[in-house]
Amino acid sequence: MSAASKIREGEPLRFSLASVRPLPDALLDRTRRAFAGACSQVRESHPAAAGLFTLSLHGSAAGGGDGREIADGLRSPALALGVDCALARGRLAERGPGLIVSDVDSTFIRGEVIDMLAQAAGSADLVADVTARAMAGELDFAESLALRVATLEGLPTSALDDVAARVETAPGAEVLVRTAHAHGAGVGLVSGGFHEVVDVVAAQLGVDRVLANRLEARGGRLTGRTSGPVVTRRAKAAALAEWAACDGVELAGTVAMGDGANDVAMMKPCPGMLKPM
């Protein structure tokens, strides 16, 4: 189920706004009117979240309609003002997610771990060039990962600990994990980055599961290669499905978050997708 599919009459809907700044009155008024135009039995709440101003509207679809049109009508004003928003439907709207899976670099944490490692290895320019080629479509993810990791050959493994200690989580990441657990939901991280850093972040915040690449090392130094299967877009989607099955959660009760092409596959089966600022 997705926002693009037809909304059934009586289907539960929930639309939420969240911002680090006070929500503009004009946006609140417009959102309430738009939601009331699409739903009956409307009620609202303001979920407590440290450092955030929130609004959550709940209701039942007043009639069948085009899901994309309704979603765009609700989201567009918020996104134009840089306010995060999400439209949930069905089981997700009623009970919230049973599993949340997130990409890591530039999503769950600030910045890219490979760039931080490249700075330590003195290969930042080489890595930036490979990244640019990948973004231009000249390289797929596995190829670009191999080329970037190759520039780390000889880097002491102690640099991994240094980078892990300097990583900053994205605003709200800790609150997300804590709130998810309070509601009985699991949290997983899927990363094209590296277990050696992601595991540290996951342990600090109490994340339940992690899938990432591993860096090969010998004699206390990186070899410039990864060890084991590369985490591709298909691997991310497979992890979401596997973890959901293990937790007894239907795909309709999962939410996936990410910022790149490598994340699209795991988002496709998910009814919830957070819209970034």
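Remember, it's a predicted structure, so these values are computed and weren't measured experimentally.

Digging into the environment of Glu-44
Relative to the elements of secondary structure, Glu-44 occurs in strand β3 (residues 39-45). Once the C-alpha coordinates of Glu-44 and Arg-209 are considered, the two residues, 165 residues apart in sequence, prove to be 33 Å apart. For Glu-44, the contacting residues outside a window of four places in its chain are Arg-32, Leu-55, Ser-56 and Leu-57. Separated by 2.9 Å, the side chains of Glu-44 and Arg-32 make a polar contact. Polar contacts involving the side chain of Glu-44 include one to the side chain of His-46, which spans 3.1 Å.

Some points on unusual backbone geometry
Among all residues except glycine, the phi angle is most often negative; among peptide bonds, the trans geometry is most common. Positive phi values are uncommon outside glycine, yet Gln-41 reaches one of about 55°. Here Gln-41 shows up in strand β3. Residue classification places Gln-41 among the exposed positions, given a relative accessible area of 68%. With phi around 65°, Ser-106 is a residue other than glycine that occupies positive phi space. Its relative accessible area of 36% is what places Ser-106 among the partly exposed residues.

Some points on the sheet that holds strand β2 (residues 12-19)
Read across the open sheet, the 4 strands follow the order β3-β4-β2-β6; overall the sheet is antiparallel. Unpaired on one side and paired on the other, β3 and β6 (84-89) mark the two borders of the sheet. Across the sheet, the mean angle separating the axes of adjacent strands is 15° when strand polarity is ignored. Judged from the 6 bridges that link them, β2 and β6 form a sheet pairing that is antiparallel. Counted as the bridge partner of Phe-15 is Leu-87 from β6. Against the sheet, helix α1 (residues 25-38) contacts β2, β3 and β4 (53-61), and its axis sits at roughly 15° relative to β4. Where helix α2 (residues 67-80) meets the sheet, it contacts β2 and β6, and its direction lies at approximately 165° from that of β6.

Concerning the side chain of Arg-14
As for its placement among the helices and strands, Arg-14 is situated in strand β2. Here Arg-14 is buried and forms no salt bridge, its nearest opposite-charge partner Glu-94 lying at an N-O distance of 9.1 Å. In this structure the side chain of Arg-14 is engaged in a polar contact, spanning 2.7 Å, whose partner is the backbone oxygen of Ala-93.

Observations concerning the state of the cysteines
Taken as a whole and assessed by the stated rule, the structure comprises 0 disulfides. Cys-39 supplies the cysteine sulfur nearest to Cys-85, a cysteine that is in no disulfide, at a spacing of 15 Å. Overall, Cys-85 belongs to the buried group, its relative accessible area being 3%.

Some details on the packing of helix α4 (residues 113-121) against helix α7 (residues 158-166)
Think of two packed helices as two axes; the pair is described by the angle between the axes and how far apart they sit. Running from N to C, α4 and α7 point in directions that differ by 130°, and their axes come no closer than 10 Å. In terms of axis orientation, α4 runs oblique to α7. As α4 packs across α7, the resulting crossing turns out to be right-handed. Along its contact with α4, which presents Val-113, Met-116, Leu-117 and Ala-120, the element α7 presents Ala-159, Leu-160, Val-163 and Arg-166.

Re the pattern of salt bridges
If you walk through the whole model with that rule in mind, you get 11 salt bridges. Where Asp-103 meets Lys-236, a salt bridge forms, and the shortest distance between an N and an O atom there is 3.1 Å. Here the residue Asp-103 occupies a position in the loop between β7 (99-102) and α4, and Lys-236 occupies one in helix α10 (residues 233-247), the gap between them amounting to 133 residues. The pair Asp-103 / Lys-236 is uniform in exposure class, with both members buried. A salt bridge links Asp-247 to Arg-209; the shortest N-O distance between them is 2.8 Å. Remark: Arg-209 occurs in strand β9 (residues 209-218) and Asp-247 occurs in helix α10; sequence separation between them is 38 residues. Taking relative accessible area as the criterion, Asp-247 reaches 33% and is therefore assigned partly exposed.

A word on the sheet that holds strand β11 (residues 254-257)
Two pairing modes exist for strands in a sheet, parallel and antiparallel, and in both the strands are linked by backbone hydrogen bonds. With mixed pairing, 5 strands are arranged side by side in an open sheet as β10-β9-β8-β7-β11. Each edge of the sheet is formed by a strand with only one pairing partner; in this case those strands are β10 (221-227) and β11. Strand-to-strand twist in this sheet, taken as the mean axis angle between neighbours without regard to direction, amounts to 25°. Here β7 runs beside strand β8 (residues 186-194); their pairing, made up of 4 bridges, is parallel.

What to know about the environment of Ala-36
With respect to the helices, strands and loops of the structure, Ala-36 is situated in helix α1. Judged by relative accessible area, Ala-36 falls into the partly exposed class, the value being 43%. Taking the C-alpha atoms as reference points, Ala-36 and Val-177, separated by 141 residues in sequence, lie 31 Å from one another.

Cut-offs used in this document
Within each chain, residues carry numbers counting from 1 in the order of the written sequence. Confidence filtering applies because this is a predicted model: local features only for residues at pLDDT of at least 70, side-chain atom pairs given and counted only at 80 or more, and all residues used for totals across whole chains, interfaces and linings. Working from all heavy atoms in the structure, the side-chain values ignore hydrogens and water. Where helices and strands are cited, they refer to DSSP runs of H or I of at least four residues and of E of at least two residues respectively, numbered from the N terminus. For this analysis, residues touch if any pair of their heavy atoms sits within 4.5 Å. Throughout this description, a polar contact denotes any pair of N or O atoms lying within 3.5 Å of each other; where both atoms belong to protein, one of them has to be capable of donating a hydrogen while the other can accept it, and for residues adjacent in sequence the pair is counted only when both atoms sit in side chains. When a residue's accessible area, from a 1.4 Å probe over protein chains only, is under 20% of the maximum for its type it is buried; when over 50% it is exposed; and in between it is partly exposed. If DSSP finds at least two bridges between two strands, the strands pair. Only the contacting stretch of a helix is used when fitting its axis, a line to C-alpha atoms as for every element, and angles between N-to-C directions run 0 to 180 degrees. Counting rule applied: Lys, Arg positive; Asp, Glu negative; His and chain ends not counted. Think of a salt bridge as a Lys or Arg side-chain nitrogen and an Asp or Glu carboxyl oxygen that are within 4 Å of each other. Two cysteine sulfur atoms make up a disulfide if the distance between them is within 2.5 Å. Angle categories: roughly parallel below 35 degrees, roughly antiparallel above 145, roughly perpendicular from 65 to 115, and oblique for all the rest. Take the far helix as the reference: if the near one is turned anticlockwise from it by less than a right angle, the crossing is left-handed, and if turned clockwise, right-handed.

In short, the description is geometric, and any link to function would need to be established separately.
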